[in-house]
Protein chains: 2
Amino acid sequence: MHSSAAPARRMADIAPFHVMALLARAGELAAAGRSIIHMEVGEPDFSTAEPIVAAGQRALAAGCTRYTPAAGLPALRQAISTHYRECYGVEVPARRILVTPGASGALQLATAILINPGDRVLLADPGYPCNRHFVRLAEGEAVGIPVGPETGYQLTAEQVERHWDDRTTAVLLASPANPTGTVVPPEELAAIIAVVEARGGRVIVDEIYHGLVYGAPIQTALAYSDRVCLVNSFSKYYGMTGWRLGWLVAPDDCVEAAEKLAQNVFLAASTPAQYAALAAFTPEAQDIFEARRLEFQARRDFLLPALRELGFGIPLLPDGAFYLYADCSRFTDDSYPFALRLLEEAGVAITPGLDFGSHQPSRHVRFAYTNAIPQLAEGVERLRRALTA
Amino acid sequence: MHSSAAPARRMADIAPFHVMALLARAGELAAAGRSIIHMEVGEPDFSTAEPIVAAGQRALAAGCTRYTPAAGLPALRQAISTHYRECYGVEVPARRILVTPGASGALQLATAILINPGDRVLLADPGYPCNRHFVRLAEGEAVGIPVGPETGYQLTAEQVERHWDDRTTAVLLASPANPTGTVVPPEELAAIIAVVEARGGRVIVDEIYHGLVYGAPIQTALAYSDRVCLVNSFSKYYGMTGWRLGWLVAPDDCVEAAEKLAQNVFLAASTPAQYAALAAFTPEAQDIFEARRLEFQARRDFLLPALRELGFGIPLLPDGAFYLYADCSRFTDDSYPFALRLLEEAGVAITPGLDFGSHQPSRHVRFAYTNAIPQLAEGVERLRRALTA
């Protein structure tokens, strides 16, 4: 007899977000009257832009509360297609675009469609933890490749080539990346795709922080190949976190699989969210996004030198997202109790490296600049007092 | 070298909704000016009730567009807990309740948490196709057990006992069921749970059509065991289809796994939807739901005798949901071309049995009474003309 007293084996490999325990403690401290500076949260302080909220309200008033097609509202798929043409000069037909419940839904489709049990998938360590968990849910093996500042915390074509073996079938990239904010340079991106596709493999690219870049504009991976599986989101640049909306661009030979899988695993993305998102492509909304992008850039440009001055090691200027990944080994040999101590003593919440992989998590923490400069400045002051006491 | 030119193997076992091809053809006919009577759609004609829409609009106006905790808004989890106490007399602590993106999200959590690769999961055939696909996504084997009118199209404890083997670890029930509308009788439900739990197995129960019952009120499976994994939805009884909101009640030993899995696979359910759903438990909304329930009952009581009179075989009165599962063997030996013919010739769309499993799909079709009686009456008239021509 087969006992199923415990959760399935895969659950042992799925880690919780360790920062949640820290968040819970931050909540307790706040409830007890302590002031907490939040530099741990991967969610901007901005609410959804007014034109999008207004579009959502109009949709509700018009009774748009029933299912959409599984792949999404045709008008929204078309708007995303137009966005690729106008912003990137890349033709992506709407039929290859599926609207999903967040980038999470798109990652789930991509991994379930591409990964067989036992397949090895290469990804950068540190990286966004959900990515390796989606690989695990497809019964694949996520192979974290240690990366550091010498490669901008990103995989290179040379590394991919070196780690590729008979069981490897895919590479998962994120650009800009969480927790490091770094971008895969265009020539490296093209080279990685070429290396993988020459081996009959697939590249999954997470571009959910696209748009939130502070140097030269960056090109989408779709410009280099129409065989990549591309994941994007309305959460970050478009500021629609709680609405749970994203999209997948599938290669032609996966579109049918993606559509039937979407029918089965989520039926469709939220209808009010899809109508609201149509307004994300209006000039009024784009102006708001651009103003917010400049604000993020100002925050980065304030926080990075301030943290360096305190003694955190941030060897390169990250080009995107809203994170700084910092070496804290000058202060501690274990970033988890270090983060807890800073919360208790300084009232500053940051994320320990543990959430991002197994390559030197103990010597790193992640700072998010998702709050305004005055809060960041107060946080830096508190850190200064705690670390020089 | 391992080639991943094609979608992963599992995709060969995931079927699309066959009714979609029929829906596409219905759309073409409608675009060409034909009138189509829709009896194929599993979505009621009612929009979301006004108190819920208003709550959603208030939430948007208040800027409630950011992430909630992964398990959902505490107030909504508590409201669901209170609902179990008030409607069923069952104590279900809020900590065991996770709010999910539709019942789809809850089914995904339940199957990923409970099913190991190779595990066999028993379920009724015919049944809701996504259920077996979720089992497949967890690399389990969905074992469809043929059921017919003699057991109310539901599994019995005796069948479960007979089909249980060393590899079987779970049973998945749906009550009321899609496509048959039938309910597992309370004593049988208790007996199935006892048989499974005595073998160390798990019962997953889909109660998404609970509330939409037309005979005696039915009890939740939670009354019989606190070890079942229970799936429910705001889509059907609560009329919130397009919002994509449901919930999972997890047994105590799975709560932690469910929460970390939710963090990783969808982060959280839609925030505006969760605020809107709080209004589903107000007396004003409950009055609307009750009026709609009575309307569904009237539709069933109109449609069932009318279809029987036409010659469809509907051997028993289904107690719930909004479907009639009908034997069409008097007219055809293959329900799929039969459904296509009725669409072309009579302008009536129904769902062929093919979408619901492999036990006699060719001799069955599903009628949904999700539209008003005048439309149903017109549909019946058209069918009469087509079938007696």
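Going by the structure above, here's the rest.
A quick note: this is a predicted structure, and the numbers were derived from the prediction, not measured. (Residues numbered from 1 in each chain as written. Chains lettered and ligands numbered in written order. Predicted model: local features only at pLDDT ≥ 70, side-chain atom pairs only at ≥ 80, totals over all residues.)

K.L.:
Help me understand the sheet that holds strand E11 (residues 351-352) of chain B in this model?
P.N.:
Strands pair in a sheet through their backbones, by hydrogen bonds, and they do so in one of two ways: parallel or antiparallel. Residue and element names in this part refer to chain B. The sheet built from 3 strands is open, its strands ordered E9-E12-E11 with antiparallel pairing. The open sheet has two edge strands, strand E9 (323-327) and E11, and neither has a second partner. As judged from the 2 bridges shared by E11 and strand E12 (residues 364-368), these two strands associate in the antiparallel manner. From the neighbouring strand, Pro352 faces E12, where its bridge partner is Val365. (Pairing = 2+ DSSP bridges. Helix = DSSP H or I, 4+ residues; strand = E, 2+ residues; numbered from the N terminus.)

K.L.:
I would appreciate a short explanation of the interface of chain B and chain A in the present structure.
P.N.:
Where the parts come together, the accessible area they lose is often given as the size of the interface. Counting residues at the interface gives 66 residues for chain B, matched by 67 residues for chain A. Listed by contribution, the elements that provide at least two residues to the side of chain B that touches chain A are helix H2 (50-61), helix H4 (102-114), helix H5 (129-137), strand E5 (168-174), helix H8 (255-265) and helix H9 (271-278) of chain B. Classifying every residue of the side of chain B that touches chain A gives 31 nonpolar, 24 polar and 11 charged. (Contact = placed C-beta atoms within 7 Å. Nonpolar A, V, L, I, M, F, W, Y, C, P; charged D, E, K, R; others polar.)

K.L.:
What is the right way to read the packing of H4(B) against H8(B) from this model?
P.N.:
Helix-helix packing is characterised by the crossing angle of the two axes and by the distance between the axes. All names here are of chain B. Close contact between H4 and H8 brings their axes to 10 Å; oriented N to C, the two are set at 120°. In terms of their interaxial angle, H4 and H8 are classed as oblique. For the pair H4 and H8, the crossing hand works out as right-handed. Residues Gln108, Leu109, Ala112 and Ile113 of H4 lie in contact with H8, whose contacting residues are Ala257, Ala258, Leu261, Ala262 and Val265. Partitioned by chemical class, the residues of the contact of H4 with H8 number 8 nonpolar, 1 polar and no charged. (Axes fitted to C-alpha atoms, helices over the stretch in contact; angles between N-to-C directions. Parallel < 35°, antiparallel > 145°, perpendicular 65-115°, else oblique. Left-handed = near helix turned anticlockwise from the far one by under 90°.)

K.L.:
Please clarify how the pairing of strand E4 (residues 141-146) of chain B should be interpreted in this entry.
P.N.:
Remember that side chains alternate between the two faces of the sheet whenever the strand is regular. All names here are of chain B. Sheet topology places strand E3 (residues 120-125) next to E4; 6 bridges connect them, and they run parallel. Looking at the pairing, Leu122 lines up with Val143 of E4. Between the parallel elements E3 and E4, the chain passes through H5 in a crossover that is right-handed. (Right-handed = clockwise from strand over helix to strand, strands pointing away.)

K.L.:
How should I be thinking about the relation of the copies chain B and chain A in this particular structure?
P.N.:
Put simply, the second copy of the chain is the first one after a rotation about an axis and a shift along it. Mapping chain B onto chain A is achieved by rotating through 180° and translating by 0.0 Å along the same axis, at an RMSD of 0.0 Å. Expressed as a symmetry operation, the mapping of one chain copy onto the other fits a two-fold axis. In terms of proximity to the rotation axis, the leading residue of chain B is B:Gln57, whose C-alpha is 2.9 Å off the axis. Counting the interface residues of chain B, we find that 100% of their copies in chain A are interface residues as well, pointing to one common contact surface. (Least-squares fit on C-alpha atoms with pLDDT ≥ 70 in both.)

K.L.:
What's the story with the pairing of strand E8 (residues 246-249) of chain A in this structure? I'm lost.
P.N.:
All names here are of chain A. Of the two faces of E8, the one lined by Gly246 and Leu248 and the one lined by Trp247 and Val249 are each fully buried. Relative to E8, strand E2 (residues 97-100) is paired through 4 bridges, and the arrangement is antiparallel. Along E8, the bridge assignment pairs Thr100 with Gly246. In this sheet, E8 lies alongside strand E7 (residues 229-233) in antiparallel orientation, the contact comprising 4 bridges. The residue bridging Leu230 from the neighbouring strand is Val249, located in E8. (Buried ≥ 20, exposed ≤ 12 C-beta atoms within 10 Å, placed from the backbone.)

K.L.:
Would you explain the sheet that holds strand E3 (residues 120-125) of chain A in this entry?
P.N.:
All names here are of chain A. Pairing within the open sheet is mixed, and its 7 strands lie in the order E2-E8-E7-E6-E5-E3-E4. This sheet does not close on itself; its edge strands, each paired only once, are E2 and strand E4 (141-146). Taking the axes of each pair of neighbouring strands and ignoring which way they run, one obtains an average angle of 20° across the sheet. Where helix H3 (residues 74-88) meets the sheet, it contacts E2 and E8, and its direction lies at approximately 120° from that of E2. The sheet contacts of helix H4 (residues 102-114) involve E2, strand E5 (168-174), strand E6 (202-206), E7 and E8, and relative to E7 the element is tilted by about 165°.

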